[in-house]
Amino acid sequence: MTIKFQSSALIKFLLVAQCVSVLCVAQDFDFFYFVQQWPGSYCDTKKSCCYPKSGKPDSDFGIHGLWPNYKDGNYPSNCDPNNPFDESKISDLVSRMQQDWPTLACPSGDGTEFWSHEWEKHGTCSESVLEQHSYFQTTLDLKNNTNLLQALQDAGINPDGNSYSLGSIKDAIKSAINYTPWIECNNDADGNSQLYQVYLCVDSSASGLIECPVFPHGKCASTIEFPSF
Ligand code: 5GP
Ligand code: 5GP
């Protein structure tokens, strides 16, 4: 009896220990935020913007980043100083990056500063799952598979400077892509609340969208502008 009890306790202990060790290996973050920005709302603020050297970006959402996060709302950053951005590793992706991940910060750049910032601050924290080339390729593919502008326009929500209810914006995205987005607002130069960034969540192995385990903090007005670009 005693021996039987001890061996089952030992098996349980070993199973738990194994789970813990598996979790320890896989769990250096819990999920990703996939963040896209509306260029019109980056540019019409007091701070303004600069078009990239390659010219004015498309009137479309652009990628901001793919950010590893914890379920408690915190996030790791700048995880590996020994793995700096290396454009030669993604030379086959650069034309897609210029199109879908354009920089709007001043002074005008070619994108390299933005991409290296995103890789070094965020990408290095998920390098166990996505090395540099897969980090950028995965993010580009996510954008291809979630056409936010189309989702909004199909619901009659256009970047025309008009105001739309926050609820109608979320519903339009949710019904097109099946996952609940989180909307971040900023203010235009006159102080109006407007649609700035859309957050979607991706599972920790970067295989697809999931419902967000936790949303960031911040507030939009109940009706927000969708500026033109
Ligand atoms: P802001 O203060 O403009 O919201 O964010 C500044 C930067 O902090 C973002 O561009 C991003 O790099 C990082 N950041 C802000 N919130 C989050 C978050 O919830 N998760 C992660 N991973 N990064 C964040
Ligand atoms: P995060 O907010 O991800 O920490 O960092 C954004 C950084 O990338 C800032 O230093 C910002 O100046 C730079 N950056 C370059 N281009 C862009 C852009 O188009 N959008 C945003 N949000 N940041 C950009």
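Residues numbered from 1 in each chain as written. Chains lettered and ligands numbered in written order. Predicted model: local features only at pLDDT ≥ 70, side-chain atom pairs only at ≥ 80, totals over all residues. Heavy atoms only, no water.

(A) Molecular detail of the site of ligand 1. As a structural note, the neighbourhood of ligand 1 is formed by Y33, H64, W67, P68, N69, Y75, K121 and H122. The side chain of Y75 places a nitrogen or oxygen atom 3.4 Å from a nitrogen atom of ligand 1. One of the side-chain N or O atoms of H122 is found 2.6 Å from an oxygen atom in ligand 1. When the free accessible area of ligand 1 is taken as 490 Å², the share hidden by the protein chains comes to 64%. The greatest single-element share of the shell around ligand 1, amounting to four residues, is contributed by strand β2 (residues 62-69). Split into classes, the residues belonging to the shell around ligand 1 amount to four nonpolar, three polar and one charged. (Near = heavy atom within 4 Å. Polar contact = N/O pair within 3.5 Å; in protein donor to acceptor, adjacent residues only side chain to side chain. Areas by Shrake-Rupley, 256 points an atom, 1.4 Å probe, with all protein chains shown as cover. Helix = DSSP H or I, 4+ residues; strand = E, 2+ residues; numbered from the N terminus. Nonpolar A, V, L, I, M, F, W, Y, C, P; charged D, E, K, R; others polar.)

(B) A look at the state of the cysteines. According to the stated counting rule, one finds five disulfides in the structure shown. The disulfide partner of C43 is C49, and the S-S distance across this bridge is 2.0 Å. The S-S bond linking C43 to C49 shows a torsion near 95 degrees; that makes this disulfide right-handed. Residue C43 shares its accessibility class with C49, and that shared class is buried. One disulfide bridge connects C185 with C220, the sulfur atoms lying 2.0 Å from each other. Measuring the twist about the S-S bond at about 105 degrees, one finds the C185-C220 disulfide to be right-handed. On the criterion of sequence distance, the pair formed by C185 in strand β4 (residues 182-187) and C220 in the loop between β6 (209-210) and β7 (223-225) is long-range, its members being 35 residues apart. Overall, the relative accessible area of 15% leaves C185 in the buried class. If one numbers only the bonded cysteines of the chain, in the order they occur, the disulfide pattern is 1-2, 3-5, 4-6, 7-10, 8-9. (Disulfide = S-S within 2.5 Å. Buried < 20%, exposed > 50% of the residue type's maximum accessible area, 1.4 Å probe, protein only.)

(C) Main features of the site of ligand 2. Around ligand 2, the surrounding shell holds 14 residues, and the nearest of these are T103, L104, H117, E118 and K121. Here H64 contributes a side-chain N or O atom positioned 2.9 Å from an oxygen atom of ligand 2. Out of a free accessible area of 500 Å², ligand 2 has 71% covered by protein chains. The leading source of residues in the shell around ligand 2 is helix α4 (residues 112-121), at four residues. Here the residues of the shell around ligand 2 are counted per class, giving seven nonpolar, five polar and two charged.

(D) Looking closely at the nonpolar core. Residues F61, F136, L152, I169, I183, L195 and F226 are the most contacted members of the largest nonpolar core, which totals 47 residues. If we ignore the near neighbours within four places in the chain, the residues touching F61 are Q36, Q37, W38, P39, K143, L148, L149, L152, L195, V198 and F226. In terms of nonpolar packing, the next biggest core, distinct from the first, is built from eight residues, F31, Y33, W67 and Y199 among them. (Core = buried A, V, L, I, M, F, W, Y, C linked by side-chain atoms within 4.5 Å. Contact = heavy atoms within 4.5 Å.)

(E) Highlighting α4. When α4 is considered as a whole, its buried residues turn out to be F114, W115, S116, E118 and W119. Its buried side turned inward, α4 meets β1 (31-37), β2, α3 (94-100) and α5 (132-145).

(F) Examining α5 more closely. Taking 1.5 Å of rise per residue, the 14 residues of α5 would be expected to cover 20 Å, and the 20 Å separating its terminal C-alpha atoms lies within 8% of that figure. Of all 14 residues that make up α5, 10 are buried, and the element is covered over most of its length. Every buried residue belonging to α5 is among Q132, H133, S134, Y135, F136, T138, T139, L140, L142 and K143, and all of these are buried. Sitting at the amino-terminal end of α5 is E131, which places a side-chain oxygen 3.1 Å from the backbone nitrogen of H133. (Expected span 1.5 Å × (residues − 1).)

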